[in-house]
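Next come the chains, spelled out residue by residue.
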Amino acid sequence: MEINESTILLKIQSNLEYTELVENITNNLTALAGCNPDQSYFIEMSLREVVSNAIQHGNKCDLNKYVQIEYRFNKDYFQVQVEDQGSGFDFDHLPDPCNPENLLKSSGRGIFLVRSFMDDFSLDFLPNHGTRVRFMKKMGVSS
Amino acid sequence: MTMLANFRKVEGVHILDLSGRITIGEGTLILREALQKLLRSHEQKVILNLADVTYIDSSGIGELVSAFTNFSNQGGNLKLLNLTKKVHDLLSITKLLTVFEVFTDEAHAIQSFD
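As the structure is a prediction and not an experimental result, all values here were calculated from the model.

Calculation notes
Residues numbered from 1 in each chain as written. Chains lettered and ligands numbered in written order. Predicted model: local features only at pLDDT ≥ 70, side-chain atom pairs only at ≥ 80, totals over all residues. Helix = DSSP H or I, 4+ residues; strand = E, 2+ residues; numbered from the N terminus. Buried ≥ 20, exposed ≤ 12 C-beta atoms within 10 Å, placed from the backbone. Contact = placed C-beta atoms within 7 Å. Rg over C-alpha atoms; globule rule 2.2 N^0.38 Å. Pairing = 2+ DSSP bridges. Axes fitted to C-alpha atoms, helices over the stretch in contact; angles between N-to-C directions. pLDDT = per-residue confidence, 0-100. Core = buried A, V, L, I, M, F, W, Y, C linked by C-beta atoms within 7 Å.

Some details on the overall build of chain A
Stage number 1. Check the secondary structure of chain A and you find 3 helices and 5 strands.
Stage number 2. When the helices and strands of chain A are placed in sequence order, the string is β-α-α-β-β-α-β-β.
Stage number 3. Across its three principal axes, chain A shows a C-alpha extent of roughly 50 × 40 × 25 Å.
Stage number 4. In chain A, which comprises 143 residues, the proportion classed as buried is 36%.
Stage number 5. Intrachain contacts of chain A at a sequence separation of at least 6 include 64% that bridge at least 24 residues.

Some thoughts on the overall build of chain B
Stage number 1. Scanning chain B from N- to C-terminus turns up 4 helices and 5 strands.
Stage number 2. Along chain B, helices (α) and strands (β) appear in the sequence β-β-α-β-α-β-α-β-α when read from the amino end.
Stage number 3. Whereas a compact globule of 114 residues would reach a radius of gyration of roughly 13 Å, chain B reaches 13 Å, a difference of no more than 12%.
Stage number 4. Dimensions of chain B along its principal axes, counting C-alpha atoms only, are 30 × 25 × 25 Å.
Stage number 5. Expressed as a percentage of the 114 residues in chain B, the buried residues total 43%.
Stage number 6. Here the analysis covers contacts within chain B between residues at least 6 apart in sequence; of these, 70% occur between residues at least 24 apart.

Brief notes about the sheet that holds strand S5 (residues 130-138) of chain A
Residues and elements named next belong to chain A.
Stage number 1. Reading across from one edge, S1-S2-S3-S5-S4 is the order of the 5 strands in this open sheet, with antiparallel pairing throughout. Here the strands that pair on one side only, and so sit at the sheet edges, are strand S1 (6-13) and strand S4 (120-126). Ignoring which end each strand starts from, the neighbouring axes of this sheet average 15 degrees apart.
Stage number 2. Pairing geometry for strand S2 (residues 66-73) and strand S3 (residues 77-83), over 6 bridges, is antiparallel.

Examining the confidence of the model for chain B
Stage number 1. The predicted model of chain B has a mean per-residue pLDDT of 95, with 99% of residues at 70 or higher.
Stage number 2. Taken together, the chains of this predicted complex give a pTM of 0.91 and an interface ipTM of 0.89.

Here's the deal with the sheet that holds strand S3 (residues 45-56) of chain B
Residue and element names in this part refer to chain B.
Stage number 1. Taken together, the 5 strands give an open sheet; going across it, the order is S1-S2-S3-S4-S5, and neighbouring strands pair in mixed fashion. Whereas interior strands pair on both sides, the edge strands pair on one side only; in this sheet they are strand S1 (4-10) and strand S5 (102-103).
Stage number 2. Taken together, the 7 bridges between S1 and strand S2 (residues 13-22) define a ladder with antiparallel strand orientation. Bridge pairing in S2 links Val-10 to Val-13.
Stage number 3. Packed onto the sheet, helix H2 (residues 58-73) meets S2, S3 and strand S4 (77-81) and runs at close to 140 degrees relative to S4.

Some remarks on the nonpolar core
Stage number 1. Counting residues in each nonpolar core, the largest one holds 32 residues, and the members touching the most others are Leu18(B), Ile47(B), Leu48(B), Leu50(B), Ile56(B) and Val87(B).
Stage number 2. Sorting the residues of this core by element identifies S2, helix H1 (26-40), S3, H2, S4 and helix H3 (85-93) of chain B as the ones contributing at least two each.
Stage number 3. Among the elements that make up this core, the one with the highest residue count is S3(B) (7 residues).
Stage number 4. For Val87(B), the contacting residues outside a window of four places in its chain are Leu50(B), Val53(B) and Ile56(B).
Stage number 5. With 26 residues, the next largest nonpolar core counts Met45(A), Ala54(A), Tyr71(A) and Phe135(A) among its residues.

Next comes the structure, spelled out in structure tokens:
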């Protein structure tokens, strides 16, 4: 039987120490999917940023809350969806970190980097649930 | 691999040789503590050698920016040396190459403080 698309679910407690675990799993999955080294790097780094945000800013490091990561990939794309259980944030008014007045700020670059690296990015609030971030890298496209 | 930070002093300039990963948690903490030592002793000429930094995330970038601001605020200057392509690209995307002085040659970086 030929598998056209693979889906893998991962659920972690809101502990930043698990970002290394997520990184290792992601690297294994991008290799399995046939991503080239640049694609793997961009996907892994993007996921690190999103998961760190979900744990820190979404779930406020509350160990009773979880972050769920769904990987979905086939020969055309590698997509990741991350859901937290936080109260969300005002995505429409995120300051531009490249604006001269923000250049010397020590935070606020994570989402910007993910949007820069990925071919598609979306962020949704889930009423009474949290925030869902989804991003996708096309396969077979030079990075 | 965790991050390592080793100090040396050349012609009055403090060079911090960094290796490993500057990421949220341990990596950024090690860098912050190393730089705090230099700030506490009011050092003014500091170079971060990033030749062996294999990975940096947005928290690591934030730590570099904080360090730059802290040294500037006390009249010092922090410069970067030997960026890998990935780190260079990150600083370029985030427009931070317009903030940091970046060098590819250590002697040239040291002379730039004169």
